[in-house]
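This is what each chain is made of:
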Amino acid sequence: MQNIEFTLNGSQIEVSIDPRESLLHMLRNRLGVFGPKEGCGKGECGACTVLVEHNAVNACIFPAGKVDGLEVVTIEGLQQGEHLHPIQQAFIDTGAVQCGFCTPGMILSAKDLLDHHHKPSRQEIRRAISGNICRCTGYSKIIDAIEYASKDVSKS
Ligand code: FES
Ligand code: FES
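Within each chain, residues carry numbers counting from 1 in the order of the written sequence. The naming scheme follows written order: chains are lettered A onward, ligands numbered 1 onward. Selection of residues for local features in this predicted model requires a pLDDT of at least 70, selection of side-chain atom pairs for listing and counting requires 80 or more, and totals for whole chains, interfaces and linings are taken over all residues. Neither water nor hydrogens contribute to the side-chain values; these are computed over all heavy atoms in the structure.

A. Quick peek at the sheet that holds strand β4 (residues 55-58). Spatially, β2-β1-β5-β3-β4 is the arrangement adopted by the five strands of the open sheet, whose pairing is mixed. Pairing within the sheet leaves two strands with one partner each, and these edge strands are β2 (11-17) and β4. Across the sheet, the mean angle from the axis of one strand to that of its neighbour is 40°, orientation sign disregarded. Between any two strands, pairing holds if DSSP finds at least two bridges. Where helices and strands are cited, they refer to DSSP runs of H or I of at least four residues and of E of at least two residues respectively, numbered from the N terminus. Here strand β3 (residues 49-52) runs beside β4; their pairing, made up of four bridges, is antiparallel. Note on β4: the bridge partner recorded for L51 is A56. Only heavy atoms matter for contacts: two residues are in contact if any of them lie within 4.5 Å across the pair. Here the axes come from fitting lines to C-alpha atoms, over the contacting stretch only for helices, and the angles between their N-to-C directions go from 0 to 180 degrees. Against the sheet, helix α3 (residues 103-116) touches β3, β4 and β5 (71-73), its axis set at about 35° to β3.

Written out as structure tokens, the structure is:
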């Protein structure tokens, strides 16, 4: 076992892990953080997306030990007090959530994009979520939501 310390959604965490386990396994099975979903388990669907140092990663193939000393944000860390993050609100307002399985990953990929690029084109949005699969929405409303959020997110 290996002890690591990192920041999870603003709180300092200390946890003992198996050096071979994934970040997704640690979050869900050791820490009870269920926002990141397990879909394919091999880096292809984006359901497990979280932010490590403000960059979206596939937690299912990201070694848990690599977050030692770093900052991790999951969908649980986006809400600000009583208020949803503007990207979360935009997904609701535009009807971009159906079953919701892809939604945490989509929103965190969108956050990575909007943190680095405040006014992306629809093409750039499409590229940013190209690693996130949605089986329900046909993507148009998700792209609408991210475009809509880009008008608001610079204020958050
Ligand atoms: S569960 Fe990680 S990319 Fe599919
Ligand atoms: S809303 Fe169901 S997979 Fe995207």
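B. Region of the structure containing α3. Between its first and last C-alpha atoms α3 spans 20 Å; for 14 residues at 1.5 Å apiece the expected length is 20 Å, and the two agree. Only protein chains enter the calculation, and the probe is 1.4 Å; a residue is then buried if its accessible area is under 20% of its type maximum, exposed if over 50%, and partly exposed in between. When you tally the buried positions in α3, you get 12 out of 14 residues, the bulk of the element. All of the buried residues in α3 are T103, P104, G105, M106, I107, L108, S109, A110, K111, D112, L113 and L114. Those residues of α3 hidden inside the fold are in contact with β3, β4, β5, α2 (86-93), α4 (122-128) and α5 (140-150). To estimate the expected span of a helix, count its residues, drop one, and scale the result by 1.5 Å.

C. Main features of the packing of α3 against α5. Running from N to C, α3 and α5 cross one another at 40°; their axes reach a closest spacing of 11 Å. By the criterion of interaxial angle, the relationship of α3 to α5 is oblique. Relative to α5, α3 is oriented so that their crossing is right-handed. Contact residues: α3 offers M106, A110, L113 and L114, while α5 offers I142, I146, A149 and S150. Among the residues making up the contact of α3 with α5, the classes are represented as seven nonpolar, one polar and no charged. When describing relative orientation, an angle under 35 degrees is termed roughly parallel and one over 145 degrees roughly antiparallel, while 65 to 115 degrees is termed roughly perpendicular and anything else oblique. In a left-handed crossing the near helix is turned counterclockwise from the far helix by less than a right angle, and in a right-handed crossing that turn is clockwise. Each residue is assigned to one class: nonpolar for Ala, Val, Leu, Ile, Met, Phe, Trp, Tyr, Cys and Pro, charged for Asp, Glu, Lys and Arg, and polar for all the others, Gly among them.

D. How the structure looks around the pairing of β2. Of the pairings in the sheet, the one linking strand β1 (residues 2-8) to β2 comprises seven bridges and is antiparallel in character. Each residue of the ladder has a partner; that of T7, found in β2, is Q12.

E. Quick look at the pairing of β1. Linking β1 to β2, which pair antiparallel, is a turn of two residues; within it N9 sits at a positive phi near 50°. Of the strand pairs in this sheet, β1 and β5 are connected by two bridges, and their pairing is parallel. Bridge pairing in β5 places T7 opposite E71.

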